[in-house]
Amino acid sequence: MDYAIVANFSRWLICLALFAVSTAIVAQTPSPLQEWQYSCGLILARMFEPDLPEFHVISGVGSAIQPVYDGSRAYRARGGPVIDVQFKDIAFISTGDGIGYNVVHKRGLQLGVSIAYDLGRKERDDYTNLTGMGDKRASAVPKLFGAWAVSQRFPLVIRGDIRHLLRAGGGSIADLGAYFPLPGSSSRLAMFLGPSITVANRRYLQDMYGVTNQESASSRHVPYSIKHGGIEATGLGFSATWTLSRHYLVNANAAVNYLGHLATDSPLVERASGHVVALSFDYIW
């Protein structure tokens, strides 16, 4: 990558840091978007311009269209507030990433902890397919995460995390993803694209996709037991932030996920792929 392109990256990544915003989708597990989409660009902005304002506060409203649950044929729209408060690259509170602290926050490297939440799953979300399966209770979700930006000349970001659902039977899940700024980005439009893979332990997969004998007796589904952990899903995400003015911006996210065979073999899964589109209109204070 030549120095002219690097200079262009620098200008629009600095702008992105000033207008970076969380998504309208709350910090939930399983994540309807790729995990990197909740904080994309921030680590790059700090790499290119370490002397950014200490605080930035953004609020707004947004909505998303996503599957009722992973593997569902039915979709639903969900709306709500957008809140994103960042203190340097040390601490944050946001609807996208939860409440967190970056234990390590060096230039191009972040390691931290956060607490998000899982909204659970209710039978009434999809009576056609979930009747007799019981509700999955909402749960706090502690998370360990890390991100590494390769260099200014090659601004690829690799991000990973491990999460654990605290509800009974919840299990653990981990993501590994990467993203890169796209050509065509500018000081007013920042775009990112990247893949991810999600793995989970047996307890998590059984909780989300398994069918016990008792659940089989009260539903129309045959029993299904998962004996080991593995790949839960692979996916691809796209994020864009368009700055309308000094205070107003539009944030758009889209993602597609493909469930692994341990999930798709479940009688609960109607579709192996799922698509998500989220849009928010935001104000920077």
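Nothing here was measured: the structure is a model prediction, and the numbers come from that model.

Let's talk about helix α4 (residues 202-209)
Next, step 1: Counting buried residues along α4, 6 of its 8 residues qualify, which places the element largely inside the surrounding structure.
Next, step 2: Here α4 has its buried residues at Tyr 204, Leu 205, Gln 206, Asp 207, Met 208 and Tyr 209.
Next, step 3: Elements in contact with the buried residues of α4: β8 (172-181), β9 (189-200), β10 (230-243), β11 (248-259) and α6 (261-264).

Concerning the side chain of Gln 34
Next, step 1: Its place among the elements puts Gln 34 in the loop between α1 (3-19) and α2 (42-48).
Next, step 2: A distance of 2.3 Å separates a polar atom in the side chain of Gln 34 from a polar atom in the side chain of Ser 196.
Next, step 3: In contact with Gln 34, other than residues within four places in its own chain, are Ser 196, Gly 235, Leu 236, Gly 237, Ala 255, Val 256 and Asn 257.

Brief notes about the nonpolar core
Next, step 1: Within the largest apolar cluster, 18 residues are counted, with the highest numbers of intra-cluster contacts made by Ala 200, Tyr 204, Leu 205, Tyr 209, Val 211, Ile 226 and Leu 259.
Next, step 2: Those elements giving two or more residues to this core turn out to be α4 and α6.
Next, step 3: If you tally residues by element for this core, the top one is α4, at 4 residues.
Next, step 4: Apart from residues lying up to four places away in sequence, Ile 226 is in contact with Arg 202, Leu 205, Gln 206, Tyr 209 and Leu 262.

A few points about the environment of Ser 216
Next, step 1: One can find Ser 216 in helix α5 (residues 213-218).
Next, step 2: You can call Ser 216 buried: its relative accessible area is 16%.
Next, step 3: Measuring from C-alpha to C-alpha, the distance between Ser 216 and Gly 132 comes to 7.7 Å, with 84 residues separating the pair along the chain.
Next, step 4: With residues near it in sequence (within four places) discarded, Ser 216 still touches Val 211, His 221, Val 222 and Pro 223.

Observations regarding the pattern of salt bridges
Next, step 1: All chains considered together, the criterion is met by 12 salt bridges.
Next, step 2: For Arg 73, the salt bridge is made with Glu 270, and the minimal N-O distance between the two is 3.4 Å. A residue pair is termed long-range when its members are at least 10 positions apart, and Arg 73 in the loop between β1 (55-67) and β2 (75-87) and Glu 270 in the loop between α6 and β12 (273-284) qualify at 197 residues.
Next, step 3: Judged by its relative accessible area of 22%, Glu 270 falls in the partly exposed class.
Next, step 4: The salt bridge partner of Asp 207 is Lys 136, with a shortest N-O separation of 3.1 Å. Linking Asp 207 in helix α4 with Lys 136 in the loop between α3 (127-130) and β6 (139-149), this pair joins segments that are 71 residues apart in sequence.
Next, step 5: On the basis of relative accessible area, Asp 207 is assigned to the buried category, the value being 12%.
Next, step 6: The class for Lys 136 is buried, based on a relative accessible area of 11%.
Next, step 7: Through salt bridges with shared partners, one network takes in Glu 35, Asp 97, Lys 143, Arg 159, Asp 161, Arg 163 and Asp 175.

Details of a nonpolar patch on the surface
Next, step 1: Nonpolar side chains collect at one region of the surface, where Trp 148, Ile 158, Leu 176, Ile 197, Val 199 and Ile 231 lie side by side and expose about 480 Å² of accessible area between them.
Next, step 2: Tracing the chain through its elements places Trp 148 in strand β6.

Let's talk about the side chain of Gln 86
Next, step 1: Structurally, Gln 86 is set in strand β2.
Next, step 2: In this structure Gln 86 comes out as buried when scored by relative accessible area, which is 11%.
Next, step 3: Discounting residues that sit within four places of it in the chain, Gln 86 has contacts with Leu 42, Glu 54, Phe 55, His 56, Ala 91 and Phe 92.

Rules behind the numbers
- Residue positions are given per chain, counted from 1 along the sequence in the order it is written.
- Local features are withheld for residues below a pLDDT of 70 in this predicted model, meaning they are given only at 70 or higher, and side-chain atom pairs are given and counted only at 80 or more; totals for whole chains, interfaces and linings count all residues.
- Hydrogens and water are ignored here; the side-chain numbers use all heavy atoms of the structure.
- Relative accessibility thresholds used throughout: buried, under 20% of the residue-type maximum; exposed, over 50%; partly exposed, between the two (1.4 Å probe, protein chains only).
- Starting at the N terminus, helices and strands are each numbered in turn, a helix being any DSSP run of H or I of at least four residues and a strand any DSSP run of E of at least two.
- Contacts between residues were defined by any pair of non-hydrogen atoms, one from each residue, lying within 4.5 Å.
- Polar contacts, as used here, are pairs of N or O atoms within 3.5 Å; protein pairs need one atom able to donate a hydrogen and one able to accept it. Residues neighboring in sequence count only if both atoms are side-chain atoms.
- Side-chain atoms within 4.5 Å link the members of a nonpolar core, which is a set of buried Ala, Val, Leu, Ile, Met, Phe, Trp, Tyr and Cys residues.
- Each salt bridge in this description consists of a side-chain nitrogen of Lys or Arg and a carboxyl oxygen of Asp or Glu lying within 4 Å of one another.
- What makes a patch is a set of residues exposed beyond 30% relative accessible area and free of salt bridges, joined within 9 Å when like-charged and within 5 Å when nonpolar (Val, Leu, Ile, Met, Phe, Trp, Tyr).
- Accessibility throughout is a Shrake-Rupley quantity obtained with a 1.4 Å probe, and a residue counts as covered only by protein chains that appear here.

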